[in-house]
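Analysis of the macromolecular model
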Amino acid sequence: MEVDKHIGLLGLRVRDKVTGFEGVVTTVGFELYGCVQAVVHPGLDKDGKPRDSTWFDVSRLTILSDTPVMDVPNFVSGPVARGEQGGDSKPLMRSV
């Protein structure tokens, strides 16, 4: 499934084909009009401060490593009706 392929980018080291920007995928977003993007976090600067993350279209990314930098949660959505509020509306993390 295509969605699983994109979710599989989480935690992987990648490089943007256009700019050469490198880092770890920390977020994957799906837009209503079909665009799939990922947030790439480049790590820390020379002073140990976090550098700014940047959004990229996933088609621009080259995977640099096949192993995530940390274990990725197994997200499971609870049975929540559209528009319903409450604590169960958030995705749950379940260990594999």
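See above for the structure.
Model, not experiment: these values are computed from the prediction.

**Remarks on the sheet that holds strand β2 (residues 22-30)**
Taking strand neighbours across the sheet as the criterion, the 5 strands line up as β4-β3-β2-β1-β5 in an open arrangement whose pairing is antiparallel. The sheet terminates laterally at β4 (54-57) and β5 (61-63), the two strands that pair on one side only. The sheet shows a mean angle of 50° between the axes of neighbouring strands, taken without regard to direction. With 3 bridges joining them, strand β1 (residues 13-16) and β5 adopt antiparallel strand pairing. Looking across to β5, one finds that Asp16 is bridged to Leu61.

**What about the pattern of salt bridges?**
Overall, the coordinates contain 3 salt bridges when judged by the stated rule. Between Asp16 and Arg60 there is a salt bridge; the shortest N-O distance is 2.7 Å. Of this pair, Asp16 sits in strand β1 while Arg60 is found in the loop between β4 and β5, placing the two residues 44 residues apart along the sequence.

**A short note on the packing of aromatic side chains**
One pass over the full model with this rule turns up 1 aromatic pair. Ring centres of Phe21 and Phe56 lie 5.4 Å apart, and the angle between their planes is 45°; on these two criteria the pair is classed as tilted. Within this pair, whereas Phe21 is found in the loop between β1 and β2, its partner Phe56 is found in strand β4, the two being separated by 35 residues in sequence. We classify Phe21 as partly exposed; its relative accessible area is 22%.

**Topic: the side chain of Ser65**
Of note, Ser65 is situated in the loop between β5 and β6 (74-76). A distance of 3.3 Å separates the side chain of Ser65 from the backbone nitrogen of Arg13, its partner in a polar contact. At 3.5 Å, the side chain of Ser65 and the backbone oxygen of Thr67 are in polar contact.

**Points about the nonpolar core**
Nonpolar side chains tend to gather and get buried jointly when the protein is soluble and globular. The biggest cluster of nonpolar side chains holds 12 residues, and these are Leu9, Leu10, Leu12, Val14, Val25, Val28, Val36, Ala38, Val40, Phe56, Val58 and Leu61. Contributing elements (two or more residues each) for this core: β2 and β3 (36-41). Looking at this core, the element that brings in the most residues is β3, giving 3 residues. In contact with Val14, not counting residues within four places along its chain, are Phe21, Glu22, Gly23, Val25, Val40, Leu61, Thr62, Ile63 and Leu64.

**Things to note about the pairing of β3**
Bridging between β2 and β3 involves 6 bridges; their strand directions are antiparallel. Bridge pairing in β3 links Phe30 to Val36. Between β2 and β3, which pair antiparallel one after the other, the connecting turn spans 5 residues, and Gly34 there sits at a positive phi close to 100°. Looking at chain direction, β3 and β4 are connected through 4 bridges and run antiparallel.

Each value, and the rule that gives it
Residues numbered from 1 in each chain as written. Predicted model: local features only at pLDDT ≥ 70, side-chain atom pairs only at ≥ 80, totals over all residues. Heavy atoms only, no water. Pairing = 2+ DSSP bridges. Helix = DSSP H or I, 4+ residues; strand = E, 2+ residues; numbered from the N terminus. Axes fitted to C-alpha atoms, helices over the stretch in contact; angles between N-to-C directions. Salt bridge = Lys/Arg side-chain N within 4 Å of Asp/Glu carboxyl O. Phe/Tyr/Trp six-rings, centres within 6.5 Å; stacked < 30°, edge-to-face > 60°. Buried < 20%, exposed > 50% of the residue type's maximum accessible area, 1.4 Å probe, protein only. Polar contact = N/O pair within 3.5 Å; in protein donor to acceptor, adjacent residues only side chain to side chain. Core = buried A, V, L, I, M, F, W, Y, C linked by side-chain atoms within 4.5 Å. Contact = heavy atoms within 4.5 Å.

These figures capture arrangement, not role.
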